[in-house]
Structures are given as structure tokens and as C-alpha cells.
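Architecture at a glance
One-letter residues, chain by chain:
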Amino acid sequence: MTTPSAPDSESAFAAARRRYLIAMSLGPIALVALCVVSFAGQGNRVSILPVLGFLAFALILLLFGYARRNSPVRWSRVAAISGVVAGVYGAVGVLSWRDGESRLLIAIAVLVVLSLVPWLAVRNAAASVLARPKGDLVGATAELSFALRDEPDGWFLIREDEVAVRIRREVRRNLDDDHDVATPFPGIAEVEVIDLPGGDEVEIGLSYAITPSAGPGLRIRVDDRSIDLQDEWIVPIDEARQAAEALRSRKGVA
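A quick note: this is a predicted structure, and the numbers were derived from the prediction, not measured. Residue numbers here run from 1 along each chain, matching the order of that chain's written sequence. The predicted nature of this model means local features are confined to residues of pLDDT at least 70 and side-chain atom pairs, given and counted, to a pLDDT of 80 or more, with totals for whole chains, interfaces and linings taken over all residues. Excluded from the side-chain calculations are hydrogens and water; all other atoms, namely the structure's heavy atoms, are used.

1. Concerning the nonpolar core
Heads up, the rule is: Among buried residues, those of type Ala, Val, Leu, Ile, Met, Phe, Trp, Tyr and Cys that are joined through side-chain atoms within 4.5 Å constitute a nonpolar core. Relative accessibility decides the category of a residue: with a 1.4 Å probe and only protein chains considered, values under 20% of the type maximum give buried, values over 50% give exposed, and everything between is partly exposed. Every helix listed is a DSSP run of H or I at least four residues long, and every strand listed is a run of E at least two residues long, numbered separately from the N terminus. Two residues form a contact once any of their heavy atoms are found within 4.5 Å.
Counting residues in hydrophobic clusters, the biggest one holds 30 residues, and the most contacted among them are Phe156, Ile158, Leu218, Trp233, Val235 and Ile237. With 5 residues, the single largest contributor to this core is helix H6 (residues 240-251). Once residues lying within four places of it in the same chain are set aside, the contact partners of Ile237 are Phe146, Ala147, Leu148, Arg149, Phe156, Pro216, Gly217, Leu218 and Ala243.

This is the structure in C-alpha cells:
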């Protein structure tokens, strides 16, 4: 069950997401254009396998970027990865398919442009909607991400209809991108901002236990009768108040 999104929030997020998708498409489109140009001459007709390989990479980058379209906190990282991959393969293509002394300069230009332009454009688009919680994302379907204190690569996620905790080392260890501790909004019985003394181990869901320093946090009481689960999450995040406001807004409670 999802809470209807505020029209202004959803509109602002949709506009930023369009900018992200356009920027993400620059690298793959450039790879496709490079393939077309390199394959246009009769002398290059024998090099069909490298061309098909470049087209496959372009498609993979497009799908990779599209899959992250609702997570603006990841946009810059995804754009950087996609841009570098597109830039490296574009530069290799220039070096492989072009003769003359200028090919090195052209390859460097391709690498720099494809690596930097999408990242800069995406960074701007993400910045326009990531002012939490008073910004444009609170009422939208975007995934809000709050860093866990003293836990590298750990995040508290507020999605359209559920909250989740993700620690990326566990994701990498399990080779499973869905290895999250998650509960849907109907299963959340109470949300409270608390002060943690620090130095004590706290549990987030049934899978994660960390020892954060002193500071603010969230106490989330889970009572999910659909799966007969009762639990208490202690989530150490510096933006606890903002996260609580955003969560209550999306749940439609005061």
C-alpha cells in the first residue's frame, strides 16, 4: 500500500530523473555513433565483432543507468562508472580504428569528454532534488538514502512503500543486490528519534548489528502481522529527525 505522492514533489523528481536519464545516455549514444562511423567505410566491414562488442557495452550501460533511475543518491556514482567505461572503450575504439598522429589526442579527448560530461550533468540533477527533507523528494517516489554513522557503505533507505537497511559489504559478500533488511510501511508501528550514548552494539533488523558512536538515531518498532514479525530497529543516522519526518510524510501520519 503506497501513499499518494505530492504532485509538486513528483513533478520535480520526474524532471530531475529525465535530466539524469539524458545525461546517462550520452556515453552509450557516443559509443553507438563511434561504431557507426568506424563501420561506415568499406575497409572496416571485416571488423564486425568489435563493433558488436561496443554495441553490447552501450546496451549494458543504458540498462545499468535505467535500473538506478529512482535512487538519486546513486546517480553520480552510476554516471561516473558509466562515463569511465564509455570513455575507455571509446578511446580504445579511436586508437584501433583511426590512423595518423592525431589519434592519441582524439582518444584522450573522447576519454575526458565521455567521462566528465555525464557525471557533471548527473551531479547537477541529483543536487536539485537531494535537499532532505524539505526538498522536493519527500513526497515523491524517489529512494531517500541516509548514511549509517560509523558504518562504511551502510545506508538507511526510505523507498516509496518500505524502509530498508543496506550494508554494501554484505551485498558484495552474498553477491546479492537484494540483500537488505526491509519492512513495508504497514509493518511500521512506531517511529521515534532518540539519542544514542555510543559504544554499545545495536541491532538493525534481524541481520545487522553495529557499534556506533554517540549521536542521534531512529527507533523503529516493527509489527508486521502479515509475516508474524515483531522487531525493533535502532538506526544510527545523523539526519534522524529529517528521516523521521520524511518517513512519517510518506506513511501519511503526523
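Next comes the rest of the account.
2. Description of the sheet that holds strand S2 (residues 154-158)
Pairing between sheet strands relies on hydrogen bonds along the backbone, with the strands arranged either parallel or antiparallel. For clarity, the threshold we go by: DSSP bridges decide pairing: two strands pair if at least two such bridges lie between them. A fitted line through C-alpha atoms serves as each axis, taken over the contacting stretch for helices, and the angle formed by two N-to-C directions is quoted from 0 to 180°.
Spatial strand order, S1-S2-S3-S4: 4 strands in an open sheet with antiparallel pairing. The open sheet has two edge strands with one neighbour each: strand S1 (144-147) and strand S4 (181-184). Strand after strand, the sheet turns through a mean of 15° between neighbouring axes, direction not considered. The pairing of S1 with S2 spans 4 bridges and is antiparallel.

3. Focus on unusual backbone geometry
In the Ramachandran plot, Asp150 falls in the positive-phi region, its phi being about 65° despite a non-glycine side chain. On the secondary structure map, Asp150 appears in the loop between S1 and S2.

4. With respect to the pattern of salt bridges
One side chain can pair with another of opposite charge once the charged atoms of both are near each other. In plain terms, the rule: The term salt bridge refers to a side-chain nitrogen of Lys or Arg lying within 4 Å of a carboxyl oxygen of Asp or Glu.
Evaluation of the coordinates by the stated rule reveals 8 salt bridges. A salt bridge links Arg221 to Glu190; its shortest N-O distance comes to 3.4 Å. Placement of Arg221 in strand S8 (residues 215-224) and of Glu190 in strand S5 (residues 188-196) is noted, with a sequence separation of 31 residues between them. Of the residues examined, Glu190 reaches a relative accessible area of 31% and is grouped as partly exposed. Across the pair Arg219 and Glu192 runs a salt bridge whose closest N-O atoms are separated by 2.9 Å. With a gap of 27 residues between them, Arg219 in strand S8 and Glu192 in strand S5 connect regions that are remote in the sequence. Since its relative accessible area comes to 30%, Glu192 is described here as partly exposed. When salt bridges that share partners are traced, they join Glu190, Glu192, Arg219, Arg221 and Glu232 into one network.

5. Quick look at a nonpolar patch on the surface
So the rule is basically this: Patch construction takes residues with relative accessible area above 30% that form no salt bridge. Like charges are linked within 9 Å, and nonpolar side chains (Val, Leu, Ile, Met, Phe, Trp, Tyr) are linked within 5 Å. Surface accessibility follows the Shrake-Rupley procedure with a 1.4 Å probe radius. Residue values consider only the protein chains on display as shielding.
The grouping of Val84, Val88, Val92, Leu95, Leu104, Leu105, Ile108, Leu111, Val112, Leu116 and Leu120 at the surface amounts to a nonpolar patch, some 910 Å² of accessible area in total. Elements with a contribution of two residues or more to the nonpolar patch: helix H3 (75-97) and helix H4 (103-127). Tallying contributions element by element places H4 first for the nonpolar patch, with 7 residues. Structurally, the position occupied by Leu111 is in helix H4.

6. Section: H4
Note the cut-off: Given the number of residues in a helix, its expected span is that number minus one, multiplied by 1.5 Å.
Helix length check: H4, at 25 residues, gives a terminal C-alpha distance of 36 Å against a target of 36 Å (1.5 Å per residue), a fit within 8%. Residues Ala107, Leu114, Ser115, Pro118, Val122, Ala125 and Ala126 constitute the buried set of H4.

7. Considerations on the environment of Lys251
Its place among the elements puts Lys251 in helix H6. With 65 residues separating them in the primary sequence, Lys251 and Pro186 have C-alpha atoms 8.2 Å apart.

8. Topic: H6
The end-to-end C-alpha distance of H6 is 16 Å, a good match for the 16 Å that 12 residues give at a rise of 1.5 Å each. Restricting attention to buried positions, one finds in H6 the residues Ala240, Gln242, Ala243, Ala244, Ala246, Leu247 and Arg250. Where the residues of H6 are buried, they touch S1, S2, strand S3 (162-167), S5 and S8.

9. Observations regarding the packing of aromatic side chains
Stated precisely, the cut-off is as follows: Side-chain rings of Phe, Tyr and Trp, where Trp is taken by its six-membered ring, are said to pair if the distance between their centres is within 6.5 Å; with planes under 30 degrees apart they count as stacked, over 60 as edge-to-face, and otherwise as tilted. Whether a charge sits over a ring depends on NZ of Lys or CZ of Arg being within 6 Å of the ring centre and within 35 degrees of the ring normal.
Enumeration over the complete set of coordinates arrives at 1 aromatic pair. Relative to Trp75, the ring of Tyr20 has its centre 4.5 Å away and its plane inclined at 10°; by these criteria the two rings are stacked. A residue pair is termed long-range when its members are at least 10 positions apart, and Tyr20 in helix H1 (residues 7-39) and Trp75 in helix H3 qualify at 55 residues. Assessed through its relative accessible area of 0%, Tyr20 is described here as buried. Its end group placed over the ring of Tyr66, Arg69 keeps NZ or CZ at 4.0 Å from the ring centre.

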